Amino acid sequence: MLVKVLAKSSFSSFVGALGDYGDLYAPVKTSEKVHSFKEIESLTDIDLSYTRTMIPPKKFFIHPEEVIFEFNIDEELYIEPPGGDERIVLFGVHSCDINALNLLAKVFTEELPDKYYLERKERSFIVGVSCVPDEYCFCHSTGTSYAQEGFELFLHDIGDSYFVRVGSLKGHEFIATHPSLFEAAEQSHYDSFKDAERKMYASFTNELEMAGLQDLLDMAYESEVWTEYGDKCLGCGSCNLVCPRCRCYDVEDHINLDLNTGERVRKWYSCMLSEHGLVAGGHNFRPTARERIRNRFNCKGSLREDMPNCVGCGRCTVFCPAEIDYVEVMKKVRGDLK
Ligand code: SF4
Ligand code: SF4
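Owing to the predicted nature of the structure, the values given are computational and were not obtained by experimental measurement.

1. Side note on the nonpolar core
The biggest cluster of nonpolar side chains holds 68 residues, and the ones touching the most others in it are Tyr25, Val89, Leu90, Val127 and Val164. Each of domain 1 (3-202) and domain 2 (213-334) gives at least three residues to this core. Once you skip the residues sitting within four places of it in the chain, tyrosine 25 turns out to touch Phe37, Lys38, Glu39, Ile40, Ile88, Val89, Leu90 and Phe91.

Here's what the structure looks like:
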């Protein structure tokens, strides 16, 4: 992997140069407790000290709601909306979110490639940034505190400069076309990088033993844990919407008054909503909050290509109005807490 060093004194020139790759989106503090990826007009809007945004960057690739085609029944027509041409730079993405995007990439490109996802990914430029965990982060437990791939450039804060890992062809092009921004990495920079990684890893206070969790969840099928937390759950679905790895969606047909034309809409959906298990004929195969929360935690603790469906970002705990703590629930399943 190519590495370079970017002096912090060159930061504004660097961000300016990113503008050649599209509209710049970065974390912005939008209220006391909330950060959001927003389009940047001024460098001072960017807050790289953020811990997590409320809505993860998946919103740029799978939109919360979008028309996937319009139809005309009489004419047997269906028309896909034209692909957009917006190019975006996502600046300041943390490792957990990059790893979550890597899973989305598998879901939306492998079995049934999704053209909307593919086009947006192709037009994006992702710049990762290192972070400092808070009391809700546990990405070191889920193995997602380091992103090995899924970015163009990754900036690690090493004091007066950033240690920059280059992760893609577009990243290499950027380095090649902006040589004056970067210095060669020397041994002292490598040492600072390793030191920063060690310190970040040592600063986690929240952790979850992952070994065997999938089996333990299976064994806990009839556990009282699900009743305890099902009784607390408000069924709002926020935990799914803020989760960078949740990707379930609903598909609705909106038919116009002529009963002939309309559009098919795809939108994010939540397995924590009571209608999620409702099927034709009126049967609901997950009618209670107990069953829904058990289902969600089983999904999160299951492995996909040896990675859990949770990247340890802490969002579902931070933004749950019922204060249901993800790690606490899993620890009860493990038997670590009573
Ligand atoms: S955010 Fe909390 S209250 Fe809302 S559905 Fe999820 S667990 Fe239940
Ligand atoms: S389950 Fe919770 S902690 Fe895990 S990735 Fe989703 S929002 Fe983050």
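2. Here's the deal with the site of ligand 1
Looking at ligand 1, the residues that line it are Cys233, Leu234, Gly235, Cys236, Gly237, Ser238, Cys239, Met272, Cys320, Pro321, Ala322 and Ile324. Considering only residue class, the shell around ligand 1 consists of 9 nonpolar, 3 polar and no charged.

3. Some thoughts on the site of ligand 2
Neighbouring ligand 2 are 13 residues; Cys243, Cys310, Cys313, Arg315 and Cys316 lie closest to it. When its residues are assigned to classes, the shell around ligand 2 shows 8 nonpolar, 2 polar and 3 charged.

4. Concerning the pairing of strand β4 (residues 65-72)
Relative to strand β12 (residues 261-268), β4 is paired through 7 bridges, and the arrangement is antiparallel. Note on β12: the bridge partner recorded for valine 67 is valine 265. In the sheet, β4 pairs with strand β5 (residues 77-79) via 3 bridges, with the strands oriented antiparallel. Bridging from a neighbouring strand, asparagine 72 pairs with leucine 77 of β5. Turn length for the β4-β5 hairpin, with the two strands adjacent in sequence and antiparallel, is 4 residues, and the turn residue glutamate 76 shows positive phi of about 50°.

5. Here we look at the environment of leucine 303
Summarising the element assignment, leucine 303 is placed in strand β13 (residues 303-304). In the structure, leucine 303 is positioned 89 residues away from glutamine 214 in sequence and 7.1 Å away in space, judged by C-alpha atoms. Residues within four places of leucine 303 in sequence aside, it is in contact with Gln214 and Pro308.

6. Some words on the domain arrangement of the protein
In terms of domains, the protein is made up of domain 1 (3-202) and domain 2 (213-334). Each of domain 1 and domain 2 has a C-alpha centre, and these two points are 26 Å apart. Every contact between the two is made by 32 residues of domain 1 and, on the other side, 26 residues of domain 2. The biggest single contributor to the side of domain 1 that touches domain 2 is β4, with 8 residues. Residues of the side of domain 1 that touches domain 2, tallied by class, amount to 19 nonpolar, 6 polar and 7 charged.

7. So, the sheet that holds strand β9 (residues 161-166)
Strands sit in the order β3-β2-β6-β7-β8-β9-β1-β10 across an open sheet of 8 strands; the sheet is mixed. The open sheet terminates on both sides in strands that have one partner only, identified here as β3 (34-39) and β10 (182-184). Within this sheet the neighbouring strands show an average axis-to-axis angle of 30°, counted without direction. In terms of strand pairing, strand β2 (residues 23-31) meets β3 through 6 bridges, oriented antiparallel. Each bridged residue has a counterpart across the sheet, and for valine 28 the counterpart in β3 is serine 36. Its contacts with the sheet place helix α4 (residues 169-177) against β1 (3-7), β7 (124-129), β8 (153-157), β9 and β10, and it is angled at close to 130° to β9.

8. Overview of unusual backbone geometry
Most peptide bonds are trans, and most residues other than glycine sit at a negative phi. For glutamate 76, which is not a glycine, the phi torsion comes out positive at approximately 50°. Structurally, glutamate 76 can be placed in the loop between β4 and β5. By the C-beta count within 10 Å, which is 7 here, glutamate 76 ends up exposed. Its identity as a non-glycine residue notwithstanding, leucine 259 has a phi of 55°, on the positive side. Along the chain, leucine 259 falls in the loop between β11 (249-255) and β12. For leucine 259, a count of 9 C-beta atoms within 10 Å translates into the label exposed.

Criteria and thresholds
Residues numbered from 1 in each chain as written. Chains lettered and ligands numbered in written order. Predicted model: local features only at pLDDT ≥ 70, side-chain atom pairs only at ≥ 80, totals over all residues. Core = buried A, V, L, I, M, F, W, Y, C linked by C-beta atoms within 7 Å. Buried ≥ 20, exposed ≤ 12 C-beta atoms within 10 Å, placed from the backbone. Domains from an automatic or database assignment. Contact = placed C-beta atoms within 7 Å. Near = placed C-beta within 6 Å. Nonpolar A, V, L, I, M, F, W, Y, C, P; charged D, E, K, R; others polar. Pairing = 2+ DSSP bridges. Helix = DSSP H or I, 4+ residues; strand = E, 2+ residues; numbered from the N terminus. Axes fitted to C-alpha atoms, helices over the stretch in contact; angles between N-to-C directions.

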